[in-house]
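Report on the structure
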Amino acid sequence: MAADTTGTGTDTAIGYEQARDELIEVVRRLEAGGTTLEESLALWERGEELAKVCRRWLEGARARLDAALAESHPEEERGGQ
């Protein structure tokens, strides 16, 4: 996969599941060991970027859920009156 590890925006174009799956693979490789320090640092940095992508997707999903719940239960916004 040709992914942007510079944080310039390409990572945000990947979906949550793709970022999550790649993050799982990064963690697996780090836990397995056998990589050089430089490779480990690159994997760690990639993992951090992937975690940010996942976090943005989850935050967006949470905002959409909150908005949907607010629309379906407007009385709760007014303190249940």
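Note that the coordinates shown come from a computational prediction; the quantities given were computed from them, not determined experimentally.

About the cut-offs
- Residues numbered from 1 in each chain as written.
- Predicted model: local features only at pLDDT ≥ 70, side-chain atom pairs only at ≥ 80, totals over all residues.
- Heavy atoms only, no water.
- Salt bridge = Lys/Arg side-chain N within 4 Å of Asp/Glu carboxyl O.
- Buried < 20%, exposed > 50% of the residue type's maximum accessible area, 1.4 Å probe, protein only.
- Helix = DSSP H or I, 4+ residues; strand = E, 2+ residues; numbered from the N terminus.
- pLDDT = per-residue confidence, 0-100.
- Contact = heavy atoms within 4.5 Å.
- Axes fitted to C-alpha atoms, helices over the stretch in contact; angles between N-to-C directions.
- Parallel < 35°, antiparallel > 145°, perpendicular 65-115°, else oblique.
- Left-handed = near helix turned anticlockwise from the far one by under 90°.
- Nonpolar A, V, L, I, M, F, W, Y, C, P; charged D, E, K, R; others polar.
- Expected span 1.5 Å × (residues − 1).
- Core = buried A, V, L, I, M, F, W, Y, C linked by side-chain atoms within 4.5 Å.

A separate point is the pattern of salt bridges. According to the stated counting rule, one finds 5 salt bridges in the structure shown. Between D21 and R20 there is a salt bridge whose closest N-O contact spans 3.1 Å. With relative accessibility at 41%, the residue D21 sits in the partly exposed group. For E22, the salt bridge identified is with R46, shortest N-O distance 2.8 Å. Here E22 is found in helix α1 (residues 16-32), whereas its partner R46 is found in helix α2 (residues 37-72), with 24 residues between them in sequence.

When pLDDT is averaged across the protein, the result is 85; 77% of the residues are at 70 or more. Confidence, read as mean pLDDT per element, is least for helix α3 (residues 74-77) in the protein (63) and greatest for α1 (98). Between residues 1-8, whose pLDDT stays under 50, and residues either more than four places distant or in other chains, the model counts 14 contacts.

Once that is clear, we can look at the packing of α1 against α2. With their axes 9 Å apart at the nearest point, α1 and α2 run at an angle of 150 degrees to one another. In terms of orientation, α1 lies roughly antiparallel with respect to α2. With respect to the hand of their crossing, α1 and α2 are arranged in left-handed fashion. Counted together, Y16, A19, R20, E22, L23, V26, R29 and L30 of α1 and S40, L43, W44, R46, G47, L50, A51, V53, C54, W57 and L58 of α2 form the full contact between these two elements. Of the residues belonging to the contact of α1 with α2, the class tally is 13 nonpolar, 2 polar and 4 charged.

This part is about α1. Between the first and last C-alpha of α1 there are 24 Å, a value that for 17 residues agrees with the 24 Å anticipated at 1.5 Å per step. Where α1 is buried, its residues meet α2. Just downstream of α1, G33 is the residue with a positive phi angle, here 75 degrees.

Let us look at the nonpolar core. Membership of the largest hydrophobic core is limited to 7 residues, which are I14, A19, V26, L43, L50, V53 and C54. When residues of this core are traced back to their parent elements, those giving at least two are α1 and α2. For this core, the element with the highest residue contribution is α2, accounting for 4 residues.

In this section: the environment of R56. Here R56 shows up in helix α2. In sequence terms R56 and Y16 are 40 residues apart; their C-alpha atoms lie 8.9 Å from each other.

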